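Summary of the model geometry
What follows is the residue order along each chain.
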Amino acid sequence: MSDQIISAPPVSAVPASPDAKKSRGRIIFLAILFLGLLLFPLTQAIFGGMNYWLHLMLYTFMYISMASSWNILGGYTGYVSLGHNVFFAAGAYLAGILLVYQGISPFLITPVAGLLALAIGLIVGLITLRTSGSAFIISTVALILLASIVMDKWELAGGANGLSLPLMGLKMATAKIPFYYAFLILAALTIFMSYRIRHSKFGLGLRAISQDETKAEVAGIPTHIYKVLAFAISGIFVGMAGALWVYYLTYLRPGLFLSIGIATHMVLMTLIGGKGTVAGPVIGAAIFIATNEFFVAQLGSSELNIVATGIMMILVLLFFPDGVIGTLKNRNRLPRFLDWE
Amino acid sequence: MVILETEDIVAGYGSGPDILKGISLQVEAGQTYCIIGPNGAGKSTYLKVISGLLPSRKGRITFKGTDLTGWRTDQILRKGICLVPSDRSLFPDMTVRENLRMGGYVLSDQKKIDQRIEEVCELFPILGERHAQQAKTLSGGQQQQLAIGRALVLRPELIMLDEPTLGLAPKISKQIFDSIEILKRAGMTVIIVEQNARMGLEAADWGVVLDLGKNSFIAEAQKVLQDERIQELYLGKKH
Amino acid sequence: MTQISQIIILGLSLGGVFALMSSGMTLIFGVMRIVNLAHAAFIVMAAYIAYWAFKLLGMDPILSIVITIPVMYLFGLLVYRLLFAKLIDNPRFVELTVLITFALSLVIEGLLSYFFTGIYRSTTPSYATDTLNFGPFYFPEGQFYATVVSIILLAGLWALLRYSRLGYAIRATTQNRTAAKTVGVNVHQISMITFGLGTALAGASGSLVSFLFTFFPAKHMEWVTIILALIVLGGMGSLIGSLVGSFLLSALAAYVSFNFGPTWSPITFYLALFLILLFRPQGLFGKKMELQ
C-alpha cells in the first residue's frame, strides 16, 4: 500500500537535481507520515485511553476520502453537487440491510457498495448532467430531498426510525481499530485515485470542462461522457465510506446519512483546502475537523455549529475561493510537502 | 471649436492588459469622424470609455470644457454624449415606445420625453408605426433605427455609433447612413466606428485610424480613403 | 365532481401564497442572476418576527406585514451590500452566489435554532382554524385572507414594475443589463434595491405563512425546494411564470395530497423540480439559468 503512494511523484520536464531533491524530500515526508499513521493504533492497544483520538482520526480519514471523492466532480470538473451524500446513504443502506437480514459483514460489502455507488452515479449522472451551472446544483438538492422522503417510507429499512445493527463483538478497547485501518486504507485509495485522475488524459479533459465547457466540446472532448464518468467515480468512495460508517455507528437512519450537513461538509472541506487540487480536500478535511473540535470544546455542541459552518463557508467563498492550497500556490508560497500535483 | 478632447487614454477590461495605450484625439464640433482599424485595436473600447461604461486607467476626457474623467454614465448622458452600442442593446421584451422611453431615463420630465419620442418617430416613421410592438420582433434594420432613435431622445450634442451597419444588408446600411446624414445636417457631432471602412469614410469629414490601442493616423476622410497604405490594409486593395 | 373542484379550490388558494413566496426570488434572479437559496430562510425569519409580534404584542399576523416588509427590506439591502456587491464582476458569480446563499441559509437556520429552538411554531389567530362557506364549497378562512393579501401585494408589485421609473429600471436591468447601463441606469443600485424588494416580499410571505403552516428553523429547506419547483416551472426571472407555476403545482399537490396522503405532497414539488430541470430548464416563460 505504501508503495503506491510513494512511487508516484510527478515527473517534471527536465529532471534537474533540485526537482529530484524536491520529490525525494516529499516522498520521505509522506512515507514517514504514513508509517506513523499505520503504527498509531498500537498506542491504543498497548496503552489504552486513545479511543477519542482513534475516533477523531478515522472520522478525518473518512472525510478526507469523501472530500477527495467529491473533488473529482466538484473541483476537477467544476460541477458542484450539494447532494453527494446520496451515495453515502446508498452504501450505508446496502451494507446495513445486508448485515441485518443476511448477516454479511460490511467489510466484505464495502467494495460492493462502491460498485453500487458507481452504478447509481452513472444512472443519476446521465439524467442530472443534462443540466449545468446552478440548474445542476439545484437538481442535486432536489435529489437529496427526494431520496430522504423515499427512505423515510421504506419499511424494509425501518423507514424513518431506521434499523439497529448488530455489533462486531470486539472489546471496547480494540473496537475502533479495524475501522481506523479500514478508513485509512479508504483515504489512501481515494487520494491515489484522485492523483491518478489528475495526471491522466481524463483529468485533463475534466479540467478543460471546468474552464470552458463549450470550448472543450469543440476541442473534441466527449464532455457528456466525461462528466457522467466523473460523477460516477466521485461517488464510489463516498458509497464505500457509507458502508463502513453505518457499521461503525451500528445504526441506520435516513436522517444520519441524508442530512444536508454531510454534503455541506464535503463541499466546505474541499473549498477550504482548495478545490481542484489533490492535497486540497485532505488539508481541508483536517483543518475543518480540527477547528470544529475546537469550537465544540469551547462552545459545546449546539446549533451554533452550523452557524459556524455557514459563516466559514461564506468567508472562504468570498475571500479564499482557491482555498488554502490554491491561495498559497498563487503566492508561490506552497510548501513542497503539500504540493502533490 | 473643440467639443471633445481625450488625452492619453489608457484602458482595459477587468484585470486584463491595456487595450487602449494612450489615445489622444480632439473632436471638432459639428464634424463627423469615422474610426477604422483592425479587430482588437480598441475602437469599441474607446467609445465605451467616453460614455462611461468602462473606466479609464489613465488619461483625461474633456467635453465642452468640463472634465468628465471618471464620471458615471448617467452624468455623461445628461451632459450630452450618447452611445449607440454595436449590439444595439435594446430591451427585447419592451415595446418600441418603452425602449424609447428608456432612452430618456435620465430625464425627469415625462412630457419632454414624450415630445422627444414624437420627434424621433418623425425621423424614423417605422418606429411610430410599430410603437406598440416588442423590440425583439423588429428586423435588424428597424432595431438599428430604434437604437439610434433611443439615443436621440436625449438630443445629444455628441452621438457615437459603434458599428451601425453590423449584420445589415447593403441596402439597409445605406438607409442607416442616410439617417446619419440627417443628424449631421442638424449640427450634431458624430463619431462612428465602422468595419465597412469605405462607407464610413465616405460619410465622414475626418478619418481616424486606430491600431493596437493607439491612434496612428488622423486626416480628412477623403485623404484617408485615398491613402495607399489604408487601401491595402483596410479596403482590401492589393498593390 | 364537487370533490375535484373542492380540491382545486384548496390548491389554488395556496397558489396565491406560493406565488407571493416565489415572486421575490424570481425577481432577484431576473435582475442579477442570483439564485437565492436563502430566500426560504428569509421567509422563516419573517415568520418568527410575526410569531413574536403575535405572542408578545398580540399583533395579528396579517397586520405584522407592516413590520416584516420594512425590516426585511433593510435586511435585504444589508445582505446585498455585505455579500454580493463586490462579487458582481467575478466570472464565477453564478456558482459562488448559489453556494454563498446556501451557506447563508444555514447560518440563519442555526441562529434561529439557537435562539428559538426547534419547537414547531405557528401563530394562531382565530381565522386560522375557521372556514368560510361558499355554496357547496368550503374555504379555510385563513387561507382565504392570505390569498387575498397575496393577490393585493402581487398586484402592487406588478403596478410598480409596469408604471414607475424604478419599475422600468428593474425591467430594463432584467432584460439587458448592458443596455440598461448604456441608458444611464445605475445597475448596482438597482440590484441592491431589487434584492431588498425581493427580501421584503419574503417578509410579507413570512407573516402569512406563520398562520398557514407550522414552521421551525429547518423548514426552509423544504420550502426553498418547493419555491424552486414553482419558479423553475414558470421560468426563472418571469413573474408571470412564477404565478402560473404556483397555481399549477399547488393544484397538483392538493390532488396528490388528497389521493395519497399529505406526506406525499412535497414529493410532487421535488419531482416536478427534478423533471423540469431535466427536460425544460427554462420553464414556461423564463431564461436559462446559466450565465449569459
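Residues numbered from 1 in each chain as written. Chains lettered and ligands numbered in written order. Predicted model: local features only at pLDDT ≥ 70, side-chain atom pairs only at ≥ 80, totals over all residues.

Turning our eyes to something else, we now look at the overall build of chain A. Across its full length, chain A holds 15 helices and two strands. Buried residues in chain A amount to 48% of all 341 residues. Of the contacts formed within chain A by residues at least 6 apart in sequence, a portion of 79% connects residues at least 24 apart. (Helix = DSSP H or I, 4+ residues; strand = E, 2+ residues; numbered from the N terminus. Buried ≥ 20, exposed ≤ 12 C-beta atoms within 10 Å, placed from the backbone. Contact = placed C-beta atoms within 7 Å.)

We now examine the interface of chain B and chain C. Listed as interface residues are 18 residues of chain B and, on the opposing side, 14 residues of chain C. Sorting the residues of the side of chain B that touches chain C by element identifies α2 (73-79) and α3 (96-103) of chain B as the ones contributing at least two each.

Further remarks concern the nonpolar core. With 270 residues, the main nonpolar core has F183 and L244 of chain A together with A229 and L273 of chain C as its most contacted residues. Looking at this core element by element, the count peaks at 18 residues for helix α10 (residues 223-249) of chain A. Each of two domains, domain 1 (1-80 + 157-166 + 174-239) and domain 2 (88-155) of chain B, supplies a minimum of three residues to this core. Contact partners of F183 of chain A, with chain neighbours within four places excluded, come to L58, F61, M62 and L244 of chain A. (Core = buried A, V, L, I, M, F, W, Y, C linked by C-beta atoms within 7 Å. Domains from an automatic or database assignment.)

The next subject is helix α12 (residues 260-273) of chain A. Residues that lie three or four places apart on an α-helix share one face, since the helix turns once every 3.6 residues. Residue and element names in this part refer to chain A. Between its first and last C-alpha, α12 extends 20 Å over 14 residues, near the 20 Å set by a 1.5 Å rise per residue. The buried fraction of α12 amounts to 13 of the 14 residues, a majority that puts the element mostly inside the structure. G274, located one to two residues past α12, shows a positive phi value of around 130°. (Expected span 1.5 Å × (residues − 1).)

Parts of the model with low pLDDT should not have their predicted coordinates read in detail. Residue and element names in this part refer to chain A. On average, chain A scores 81 in pLDDT, and the residues at 70 or more come to 86%. Mean pLDDT across the elements of chain A ranges from a minimum in helix α1 (residues 2-6), with 41, to a maximum in α10, with 91. Taken together, the stretch residues 1-16 has pLDDT below 50 and engages in 20 contacts with residues farther than four places along the chain or on a different chain. (pLDDT = per-residue confidence, 0-100.)

Moving on to the interface of chain A and chain C. Across the boundary between the two partners, chain A contributes 31 residues, which contact 32 residues of chain C. Top contributing element to the side of chain A that touches chain C by residue count: helix α6 (residues 133-153) of chain A, with twelve residues. By residue class, the composition of the side of chain A that touches chain C is 20 nonpolar, nine polar and two charged. (Nonpolar A, V, L, I, M, F, W, Y, C, P; charged D, E, K, R; others polar.)

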